[in-house]
Amino acid sequence: MKTKFDIKNIIRPTIKALKPYSSARDEFQGATDDMVFLDANENPFENGVNRYPDPQQGKLKAVLSKIKGIPAKNILLGNGSDEVLDLVFRAFCEPNVDNIITLPPTYGMYNVLANINAIDIKEVLLSEDFQPQVDKILNAANAQSKILFLCSPNNPTGNSFNTSDMEALLNNFQGIVVIDEAYIDFSKQKSWIHRLEEYPNLIVTQTLSKAYGMAGIRLGICYASAEIITVLNTIKPPYNVNELTQLKAIEQLTIKDLAKNQINDILKEREVLISELKTVDFISKIYPSDANFVLAKVDDATKRYNQLIKKGIVIRNRTTQPGCENTLRFTVGTTVENKILIKALKNLQSF
Ligand SMILES: *Cc1c(COP(=O)(O)O)cnc(C)c1O
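Numbering of residues starts from 1 in each chain and follows the order in which that chain's sequence is written. Residues qualify for local features only when their pLDDT is at least 70, as the model is predicted, and side-chain atom pairs are given and counted only at 80 or more; totals for whole chains, interfaces and linings, by contrast, use all residues. Side-chain calculation: all heavy atoms of the structure are included, whereas hydrogens and water are not.

### Notes on the layout of surface pockets
In plain terms, the rule: A pocket, in this scheme, is an open set of points on a 1 Å grid over the protein atoms alone with protein on both sides within 12 Å along at least 5 of 7 lines, while a cavity is a set where a 1.4 Å probe fits but cannot get out; residues line either one if an atom lies within 4 Å of a point. Grid points are joined across faces, edges and corners, and a volume is the space filled by probe spheres set on the points. Secondary structure elements follow DSSP: runs of H or I no shorter than four residues count as helices, runs of E no shorter than two count as strands, and numbering proceeds from the N terminus. Polar here means any residue outside two lists: the nonpolar Ala, Val, Leu, Ile, Met, Phe, Trp, Tyr, Cys and Pro, and the charged Asp, Glu, Lys and Arg; Gly therefore counts as polar.
Reported here for the largest pocket is a volume of approximately 910 Å³. Along the wall of the largest pocket there are 26 residues; nearest its centre are R25, A31, Y52, D54 and K59. Residue assignment for the lining of the largest pocket shows that the elements contributing at least two residues are α3 (58-68) and α9 (243-253). Classifying every residue of the lining of the largest pocket gives 13 nonpolar, six polar and seven charged. Estimates place the volume of the second largest pocket at around 430 Å³. Every residue lining the second largest pocket is counted, 19 residues in all, and those nearest its centre are I67, Y212, L253, A259 and K260. Those elements giving two or more residues to the lining of the second largest pocket turn out to be α3, α9 and α10 (258-277). Tallied by class, residues from the lining of the second largest pocket come to 10 nonpolar, three polar and six charged.

So this is what it looks like as structure tokens:
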């Protein structure tokens, strides 16, 4: 049984001792529109973006807090979830000392960020049906294993992990468990954000890049205990989420049912795409998907990938990923885009 999780035991000594940069906007709060702001060396002429953005993104967090049912004190926002993940590395992983655990085949950024931060990577492959191998993961972990990454629904396989396996890992892994929920809004599974109080070592990441249709604004969301959020706040760049991003996110998120309707459309389209893919003779297997993409096994992934490129269709070749030999990943597009894809695949059948 593991010892009780205490963030003080896992945070890097350098970070524990850190005094954060205090911006002009941090030092003075409670601004009203009729005040005169001569504290931040901004250009005074109004153009909508001449002022520094709110470093704590209060208005946007309030909107997200309402949508997700999570208090703002449990939310941190970043320049994409990639920035959020980088903050987690820098808070908890000591370069050249600590390690992380990833479960390939999975999202490539965990390893990239580990390499950038000089953190060792322990890889424990997913099982044949792409589920975490709990005992192997716990056996691979040591005192320096600071983060375990669970991507559910997983990219590129598309499946969600078993809840009981994830509970076992949350209960027994000694470090932080990051559950990457980039695709949760397409999933039948419930989000883990509602179980933060149960698991003090849990960090859940989400993004506006997929279901919410805002990959271009770069907004990643981190949900965790207030203690973890405080640590991440200490090290985040003060103005990491720009004004245009904050405004656009609020605008889109407050359009009633926009995301919900688009998600429903994408899910319907996913089922059409799957049934069509099943009729393509060089596709031998379609993996179950809980996301807005479908992984399929083909006769020769690289050949098929190149053939589609020639027809002006770009998909993802995942053949080099462990357990994913000769697989292609298809993002679910619009009805028109999916028809173009299917037509192209059918025309390739005898070639
Ligand atoms: C797309 C994706 C992200 C998104 O990252 P952003 O930086 O927020 O765009 C995160 N995790 C996974 C698994 C993804 O597939």
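### Some details on the sheet that holds strand β9 (residues 293-298)
Short version of the rule: Here, a strand pair is defined by DSSP locating no fewer than two bridges between the strands. When checking whether two residues touch, look at their non-hydrogen atoms; a contact exists if any pair is within 4.5 Å. To define axes, lines are fitted to C-alpha atoms, for helices over the stretch in contact only, and angles between the resulting N-to-C directions are given on a 0 to 180 degree scale.
Read from one edge to the other, the open sheet built from four strands follows the order β8-β9-β11-β10, with strand pairing classed as antiparallel. Edge positions in the sheet fall to β8 (283-286) and β10 (316-317), since each of these pairs with one other strand and no more. The sheet contact formed by β8 and β9 spans three bridges and is antiparallel. When the sheet's bridge partners are listed, I283 is paired in β9 with V298. Here α10 sits on the sheet and contacts β8, β9 and β11 (327-331); the angle it forms with β9, its principal contact strand, is near 5°.

### Considerations on the pairing of strand β7 (residues 220-223)
Put simply, the test is: Here's how the labels work: a residue is buried when its accessible area is under 20% of the maximum for its type, exposed when over 50%, partly exposed in between, all with a 1.4 Å probe on protein chains only.
Burial along β7 is two-sided: the residues G220 and C222 and I221 and Y223 are all buried. Sheet analysis places strand β1 (residues 75-78) next to β7, joined by four bridges and oriented antiparallel. Its bridge partner being in β7, I75 is matched across the sheet by Y223. Inspection of the sheet shows strand β6 (residues 202-207) paired to β7 by four bridges, in the antiparallel sense.

### Thoughts on unusual backbone geometry
Residue P105 is bonded to the preceding P104 through a cis peptide linkage, with omega at 0°. Tracing the backbone through its elements, the reader meets P105 in the loop between β2 (99-102) and α5 (109-116). In this structure, P153 follows S152 across a cis peptide bond, with omega equal to -5°. For P153, the location among the structural elements is in the loop between β4 (145-151) and α7 (163-172). We note that A118 has phi near 55°; this positive angle belongs to a residue other than glycine. In this fold, A118 is placed in the loop between α5 and β3 (120-123). In this structure, N326 is a non-glycine residue whose phi angle is positive, near 55°. Position of N326 relative to the elements: it lies in the loop between β10 and β11.

### Considerations on the site of the ligand
The cut-off we apply is this: A molecule or strand has a residue near it when one of that residue's heavy atoms lies within 4 Å. Within 3.5 Å is the distance limit for a polar contact, defined as a pair of N or O atoms, with the added protein rule that one can donate a hydrogen and the other accept it, and that residues adjacent in sequence qualify only through two side-chain atoms. Using a 1.4 Å probe, the Shrake-Rupley method yields the accessible areas, and only the shown protein chains count as cover for residues.
S81, Y183, T207, K210 and R218 are the nearest of the 13 residues found near the ligand. Contact between the ligand and T207: an oxygen atom at 2.6 Å from a side-chain N or O atom of the residue. Residue S209 places a side-chain N or O atom 2.7 Å away from an oxygen atom belonging to the ligand. In isolation the ligand has 390 Å² of accessible area, and contact with the protein removes 94% of it. Within the shell around the ligand, the residues separate by chemical class into four nonpolar, five polar and four charged.

### Remarks on the nonpolar core
In plain terms, the rule: To define a nonpolar core, start from buried Ala, Val, Leu, Ile, Met, Phe, Trp, Tyr and Cys residues and group those joined through side-chain atoms within 4.5 Å.
Core analysis: the biggest nonpolar cluster contains 49 residues, and L103, L148, L150, L208, L219 and L253 have the highest contact counts within it. Among all residues touching L150, those that are not within four sequence positions of it are L103, F161, M166, L169, V177, V178, I179 and D180. Core analysis: the second largest hydrophobic core is formed by 32 residues, F5, I7, I176 and V231 among them.

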